[in-house]
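# Summary of the model geometry
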Amino acid sequence: MPVGNADNGVGLWAGQVMVSGNYNFQYIDWTHAPIGNEQFEHVGNLVTNIITPTITIGLTDYINLSYQQIFGIRSMDWMNEQESAHHRDEHSLKDFLNAKGSLIGDATFNLKYLLTNTGNTSGSRLFLGAGLVVPSNSVLTSNPFTQNDDGTYDDHRHFSLSDGCYKSNFELQFYIKNMTKKRYIPTFYGFTLNYIKPLNESNYGYEASTNIIGVSSILFATKLKKRWQPKGMSIGLAFIKTSDAYWDGEKAPNSKSQFLMPTIGFIFSEKNKGSLSVNFKYVQNKSLVPEDAPDAKVESFEISVGYRKTLKYFIPWINP
């Protein structure tokens, strides 16, 4: 689950437009001992490339509306010569026996209300948000954990871009800006908290997990002057908790998880060209493989690149 960058409390004037986008690269390296009737070591990796362009419009000086669309591809590299019903070389663009393939992932619509914003001076920025996640057609069409009477499995895929469920998304952002001139005192710090809850089952009987995602970050100004040098360095910690998910009323065995993900990043910016952020994340999380898989080892590395620019353009009918 790639974790994007927080908005960091950006307020817009009525009619003002901001464009932004993230690119996430996630590499999951995994292995586990023989399972079921497949008495050989299972080794592979899962690579995810996701682009999420976003447009945000200031409806008033205190309310923002944003639309974010996911585009991406997940690909499995099966690093064993033995044939497996669980894994093979494949990707999410192509249909499979229990999966629909597509480049398009979920879309998210968010309304955010600005409670406090001290502008360019020291002080707090507090946002409350509510949104709707609209699923795409890149989904699993049947339970990949269904076992035959003889203990074998039909060929299946475990991953897709979407889980096929509509979801509500409630968000709290709180950040504090500090106009300090000292490098060892943070200039920006705070957290973002998201509560994402499914509103329905998918068309194929899948009920997704409820997610709690908390991201805290601290930004230090580097005071570096050259154009190619980073203007800020950030350190942070992401907390991700997912509840049990269900296939046809039965608990999905690898859905519940809870883990911490440390992050470090750099920000490059110019006044008229917007800002570019680069973040690195790492986590070890056994929930990425079935819970009955013996001696499982999983490592996940993630790189995210984000760009943000507030345009000088104002929508005339919002801000006449």
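Structure shown above.
Attention here is on the structure that accompanies the text. Remember, it's a predicted structure, so these values are computed and weren't measured experimentally.

## Details of the overall build of the protein
On a plain count of helices and strands, the protein comes out with zero helices and 16 strands. The C-alpha radius of gyration computed for the protein amounts to 21 Å, which stays within 12% of the reference 20 Å derived for 320 residues, consistent with globular compactness. For the protein, with 320 residues in total, the buried portion stands at 45%. Within the protein, contacts between residues at least 6 apart in sequence are counted, and of these 64% link residues at least 24 apart. Carbon and sulfur atoms provide 58% of the accessible area of the protein, an area that totals close to 16900 Å². Put simply, the protein has 29 plus and 29 minus side-chain charges, and the middle of one group is 24 Å from the middle of the other.

## Comments concerning the pattern of salt bridges
Scanning the entire structure with this criterion turns up five salt bridges. One salt bridge in this structure joins arginine 88 and glutamate 90, with 2.9 Å as the shortest N-O distance. Relative accessible area serves as the criterion here: at 15%, arginine 88 is assigned to the buried category. For arginine 227, the salt bridge is made with glutamate 270, and the minimal N-O distance between the two is 3.1 Å. Taken together, the residues span a long stretch of sequence, with arginine 227 in the loop between β10 (211–221) and β11 (232–242) and glutamate 270 in strand β14 (residues 257–270) at a distance of 43 residues. Residue arginine 227 is classed as exposed on the basis of its relative accessible area of 60%.

## Structural notes on a nonpolar patch on the surface
Side chains of Leu59, Tyr62, Ile63, Leu65, Leu111, Tyr113, Leu115 and Leu128 sit close together on the surface and give an oily, nonpolar patch of about 680 Å² of accessible area. Listing elements by their share of the nonpolar patch, those giving two or more residues are β3 (63–78) and β5 (104–117). The element contributing the most residues to the nonpolar patch is β5, with three residues. Mapped onto the elements of the fold, tyrosine 62 is located in the loop between β2 (42–58) and β3.

## Regarding the packing of aromatic side chains
Per the counting criterion, the structure on display carries seven aromatic pairs. With centroids separated by 5.0 Å and ring planes inclined at 45 degrees, the aromatic side chains of tyrosine 282 and phenylalanine 301 adopt a geometry described as tilted. Of this pair, tyrosine 282 sits in strand β15 (residues 274–283) while phenylalanine 301 sits in strand β16 (residues 297–314), placing them 19 residues apart in sequence. For tyrosine 282, a relative accessible area of 30% puts it in the partly exposed group. On the basis of relative accessibility, which here comes to 37%, the residue phenylalanine 301 falls in the partly exposed class. Put simply, the rings of Trp30, Phe40 and Trp78 pair up and form one aromatic cluster. The ring of phenylalanine 159 is capped by arginine 157, whose NZ or CZ atom sits 5.6 Å from the centre of that ring.

## Some words on the side chain of threonine 54
Relative to the helices and strands, threonine 54 resides in strand β2. A polar side-chain atom of threonine 54 sits 3.1 Å from a polar atom in the side chain of glutamine 68. Once you skip the residues sitting within four places of it in the chain, threonine 54 turns out to touch Met18, Val19, Ser20, Gly21, Ser66, Tyr67 and Gln68.

## Some words on a negative patch on the surface
There is a patch of like negative charges on the surface, built from Glu201, Glu207, Asp248 and Glu250. Mapped onto the elements of the fold, glutamate 207 is located in strand β9 (residues 206–207).

## Details of the sheet that holds strand β13 (residues 250–251)
Within the open sheet, the three strands sit side by side as β9-β12-β13. Their pairing is antiparallel. Of all the strands in the sheet, just β9 and β13 have a single pairing partner and so form its edges. Bridge count between strand β12 (residues 246–247) and β13: two bridges; the pairing is antiparallel. Bridge pairing in β13 links tryptophan 247 to glutamate 250.

## Points about the pairing of strand β6 (residues 123–134)
Across ten bridges, the pairing between β5 and β6 is antiparallel. Bridging across to β6, leucine 114 finds its partner in phenylalanine 127. Pairing geometry for β6 and strand β7 (residues 167–177), over eleven bridges, is antiparallel. Paired with alanine 130 across the bridge in β7 is phenylalanine 170.

## Brief notes about the environment of isoleucine 213
In this structure, isoleucine 213 sits in strand β10. Placed 26 residues apart in sequence, isoleucine 213 and threonine 187 show a C-alpha to C-alpha distance of 24 Å.

About the cut-offs
Residues numbered from 1 in each chain as written. Predicted model: local features only at pLDDT ≥ 70, side-chain atom pairs only at ≥ 80, totals over all residues. Heavy atoms only, no water. Helix = DSSP H or I, 4+ residues; strand = E, 2+ residues; numbered from the N terminus. Rg over C-alpha atoms; globule rule 2.2 N^0.38 Å. Buried < 20%, exposed > 50% of the residue type's maximum accessible area, 1.4 Å probe, protein only. Contact = heavy atoms within 4.5 Å. Areas by Shrake-Rupley, 256 points an atom, 1.4 Å probe, with all protein chains shown as cover. Lys, Arg positive; Asp, Glu negative; His and termini not counted. Charge placed at Lys NZ, Arg CZ, Asp CG, Glu CD. Salt bridge = Lys/Arg side-chain N within 4 Å of Asp/Glu carboxyl O. Patch = residues over 30% accessible without salt bridge, like charges linked within 9 Å, V, L, I, M, F, W, Y side chains within 5 Å. Phe/Tyr/Trp six-rings, centres within 6.5 Å; stacked < 30°, edge-to-face > 60°. Lys NZ or Arg CZ within 6 Å of the ring centre and 35° of its normal. Polar contact = N/O pair within 3.5 Å; in protein donor to acceptor, adjacent residues only side chain to side chain. Pairing = 2+ DSSP bridges.

This is a description of form; function is not addressed.
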